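# Examining the three-dimensional arrangement
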Amino acid sequence: MQERKALHTLLAKRQEDLPPRRMKDSYLEVILPLGSQPEIREKYLNVHNSVRFGRILEDLDSLGVLICYTHTKQEAQPRSPLSIVTALVDKINLCKKIIYPDCDIKFTGNVSWVGKTSMEVKMHMLQLHDGDYSPVLDATFVMVARDPENKRPAFVNPLIPESPEEEEIFKQGEFNKTKRIDFSTASLLKMAPTAEERNIVHDIFLNTLDTRTVSFRSRVLPPNSVWMEDAKLKSLQICHPQERNIFNRIFGGFLMRKAFELGWATACSCGGSRPFIVSVDDIMFQRPVEVGSLLLLSAQVCYTEKNYIQVRVHSEVYDADTREHQTTNIFHFTFISEKEVPRVVPKTYGESMLYLDGKRHFTATVKEI
């Protein structure tokens, strides 16, 4: 980090001082040779003889950063003065349930939208079958550029669309940004639920009242249901130096992998059968995780519908010296189970808000897929 301080002089004072880039300038293709190099397979293999999705999340995070460094690369500079970090995972949608452990995987991606200091990256993952690559997933990440010490925002090269198709992709990036702001503004942490949502909560409350007693406190669980408080799991990670990035902070991909694996286990225990990931959305990286931190992960099934399970994972760090807890990330995962799952039922007002938030995320995901 001491060496990086000297790179401050290479930062642009204004975005206009940086040469514009095209989408093809940042385009990258990377092959993960699971088929042709069996020795790397072990790292990616799960107990169901398919690929661990948590490892794919790590690879997508690394590739997203690499694409952004490619977009901002200056030929005259041997080292980049920028610290590029993941700000959020906007969306990952899967179109295949199984990722095979013995077939090569191809990742492609490029910068699709640029602000002043942020970049949207679109990535695609394909797998080789019978000589052809077929789509597995599409991912949209948002990265931010910071100064060499990762303290303040830094300008990035503007992006110039070259065709009507690229204009459309760029407009979609702008739309995604607006949609995120709207979703955040309507958050249940800031705004009351809609009239329709209030009716949903009240109906759940009425359906769980014990008709034998005239009491608001006495609640009965409906058939084929589970109380929300009984549909959660927790875990603790000690953040060792092995998982750090070049800025001496914990690698974002590692956090995503750990959150996904806990979310998967929670969906598995709730649904009673093997769940498959359908979608990942709205992962906000609110603050970095320092090496040596105690990372507390809490996974909660917050909404279920037919075979679908919506899981929210809350990540926080605990400082043993100050005894303070600070939220670092919120993760949202949508799984599909092999059979119909029990309905999750909230008891408290706080759980009802989690239920409605999960329903919002699930509805947005289903609309897209």
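Procedures and definitions
- Residues numbered from 1 in each chain as written.
- Predicted model: local features only at pLDDT ≥ 70, side-chain atom pairs only at ≥ 80, totals over all residues.
- Heavy atoms only, no water.
- Core = buried A, V, L, I, M, F, W, Y, C linked by side-chain atoms within 4.5 Å.
- Buried < 20%, exposed > 50% of the residue type's maximum accessible area, 1.4 Å probe, protein only.
- Contact = heavy atoms within 4.5 Å.
- UniProt positions renumbered as here; feature names shortened; annotations may be inferred.
- Helix = DSSP H or I, 4+ residues; strand = E, 2+ residues; numbered from the N terminus.
- Pairing = 2+ DSSP bridges.
- Axes fitted to C-alpha atoms, helices over the stretch in contact; angles between N-to-C directions.
- 1 Å grid on protein atoms, 1.4 Å probe; cavity = no way out; pocket = protein on both sides within 12 Å on 5 of 7 lines; lining within 4 Å.
- Points joined across faces, edges and corners; volume = space filled by probe spheres on them.
- Nonpolar A, V, L, I, M, F, W, Y, C, P; charged D, E, K, R; others polar.
- Expected span 1.5 Å × (residues − 1).
- Disulfide = S-S within 2.5 Å.
- Arc of directions from axis to C-beta.

### Here's the deal with the nonpolar core
If you look at the biggest cluster of nonpolar residues, it comprises 82 residues, and the most contacted ones within it are Phe53, Ile56, Leu60, Ile92, Leu137, Phe141 and Phe333. If we skip the residues at most four places from it in the chain, phenylalanine 53 touches Ile92, Leu94, Ile99, Leu137, Phe260, Ile277 and Val280.

### Points about the UniProt feature "domain: HotDog ACOT-type" (unreviewed entry) in the protein chain
Per the UniProt record, "domain: HotDog ACOT-type" (unreviewed entry) is annotated on residues 26-149 and 229-341. A helix fraction of 19% and a strand fraction of 44% characterise residues 26-149, whose end C-alpha atoms lie 24 Å from each other. Regarding residues 229-341, the helix share stands at 18% and the strand share at 50%, and the terminal C-alpha atoms are separated by 16 Å.

### As for the sheet that holds strand 7 (residues 232-238)
Strands sit in the order 1-3-4-5-2-8-11-10-9-7 across an open sheet of 10 strands; the sheet is antiparallel. Two strands lie at the open edges of the sheet, namely strand 1 (28-32) and strand 7, each paired on one side alone. Recorded for the sheet is a direction-independent mean angle of 25° between the axes of neighbouring strands. Strands strand 2 (83-94), strand 5 (132-146), strand 7, strand 8 (275-285), strand 9 (294-305), strand 10 (308-319) and strand 11 (324-337) of the sheet are contacted by helix 6 (residues 252-271), whose axis makes an angle of about 55° with strand 11.

### Comments concerning the layout of surface pockets
Of the pockets and cavities examined, the largest pocket occupies roughly 1200 Å³. What lines the largest pocket is a set of 41 residues, among which Phe183, Ser184, Asp282, Asp357 and His361 lie closest to the centre. Of all the secondary-structure elements, those providing two or more residues to the lining of the largest pocket are strand 2, helix 4 (164-185), helix 5 (195-207), strand 8, strand 11 and helix 7 (349-368). Broken down by element, the lining of the largest pocket gets its largest block of residues, 11 residues, from helix 7. Its residues assigned to classes, the lining of the largest pocket comprises 16 nonpolar, 8 polar and 17 charged. Its boundaries defined by the atoms lining it, the second largest pocket holds a volume of some 580 Å³. Along the walls of the second largest pocket sit 24 residues, with Ile84, Val85, Thr86, Asn245 and Phe247 positioned nearest its centre.

### Topic: helix 3 (residues 53-72)
Since the α-helix packs 3.6 residues into each turn, any two residues three or four apart lie on the same face. Here helix 3 is 20 residues long and its end C-alpha atoms lie 29 Å apart, about the 28 Å a rise of 1.5 Å per residue gives. Of all 20 residues in helix 3, 15 are buried, a share of seventy percent or more.

### Notes on the state of the cysteines
Put plainly, a disulfide is one covalent bond tying together the sulfur atoms of two cysteines. Under the defined criterion, the tally for this structure stands at 0 disulfides. No disulfide involves cysteine 268; its sulfur sits 10 Å from that of cysteine 270, the nearest cysteine. By relative accessible area, which is 25% here, cysteine 268 ends up partly exposed.

### Digging into helix 5
In a regular helix each residue adds 1.5 Å, so 13 residues correspond to 18 Å; helix 5 covers 18 Å between its end C-alpha atoms and thus fits that length. Within helix 5, burial applies to Glu197, Val201 and Ile204. When helix 5 is viewed along its axis, its buried side chains cluster within an angular range of 60° and face the same direction. In this structure, helix 5 carries Glu196, Asn199 and Asn207 as exposed residues pointing more than 90 degrees from its buried face.

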